[in-house]
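# Summary of the model geometry
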Amino acid sequence: MSSTWSYARVSHRNSLDGYSLEAQDIAARERWEMLSLPDWGQFSSPGEKRRGSMVDRAVSAYKIKMPDRPEGRRLMEKVQDGDHILFYSVCRGFRNLADWAHVIDGWMKRGITAHFIKNGIRTDTAAGWMIGSVMAIYAQWKGMIIAERHKLAKAFRAAGHQVGYERKNSGHGTIGDEMSRRIVGILDERKILPMPAR
């Protein structure tokens, strides 16, 4: 008999954005009830009250693939043919196309359906698989952009410049186009960036 599992992940222990562990759990329970999915799996992560709840805390999906995360690996060991796995979104499970392809394709061959609640997709349809693949590519690209920005900021600091947001009163401003052009220009002059300034 098939079971239902949920997988939740946060990159930082105190994640307070829309991806908090509590928000992910509530969404999984609501979707489970709405779809009348099979009963929850018999196991859960240490400290989790609900059966079938697998949770990775302070784990990067960009750096660590699903089979290499503590609870991701455990989920992959416990899930059986025909089971359902609920994720809040594609980025909670996968931020790497190769990871997505390896895990999801393996699950599909076993009749395991992954549901991505926020994205409104499931992997037992061709459209769901395709859209999820594109979202995994986007998540990987977004991680690469963030890494590039961190590298740029580090080089800019090393060049003796201030990096960050301009603060006005209690609000936050943005660096803006002019500041961005200055950063790129300074770094290009010092041969820090392999691209021309715009």
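Read on for an overview of the structure. Not measured: the values here are computed from a predicted model. (Residues numbered from 1 in each chain as written. Predicted model: local features only at pLDDT ≥ 70, side-chain atom pairs only at ≥ 80, totals over all residues. Heavy atoms only, no water.)

## Concerning the overall build of the protein
Rules: Secondary structure counts use DSSP, requiring at least four H or I residues in a row for a helix and at least two E residues in a row for a strand, with both numbered from the N terminus. In this scheme, a residue with accessible area under 20% of its type's maximum is buried, one over 50% is exposed, and one in between is partly exposed, where area comes from a 1.4 Å probe on protein chains only. Here a residue-residue contact requires only that any non-hydrogen atoms of the pair lie within 4.5 Å. Methods summary: accessible areas were calculated by the Shrake-Rupley approach with a probe of 1.4 Å, and residue burial reflects only the protein chains presented.
Along its length, the protein carries six helices and seven strands. Each helix (α) and strand (β) of the protein, taken in turn from the N terminus, gives the series β-α-β-α-β-α-α-β-β-α-β-β-α. Burial analysis of the protein (198 residues in total) assigns 38% to the buried set. Put simply, of all contacts in the protein between residues at least 6 apart along the chain, 63% involve residues at least 24 apart. Only carbon and sulfur atoms are counted for the fraction: they give 54% of the accessible area of the protein, which is about 12,000 Å².

## Quick notes on the pattern of salt bridges
Stated formally: A pair is scored as a salt bridge if a Lys or Arg side-chain nitrogen falls within 4 Å of a carboxyl oxygen belonging to Asp or Glu.
In total, this model carries eight salt bridges according to the counting rule given. The shortest N-O distance in the salt bridge between R29 and D25 comes to 2.9 Å. With R29 and D25 both in helix 1 (residues 21–35) and four residues apart, this pair spans about one turn of that helix. By relative accessible area, R29 is classed as partly exposed at 37%. Put simply, D25, R29 and R50 are held in one network by salt bridges that share partners.

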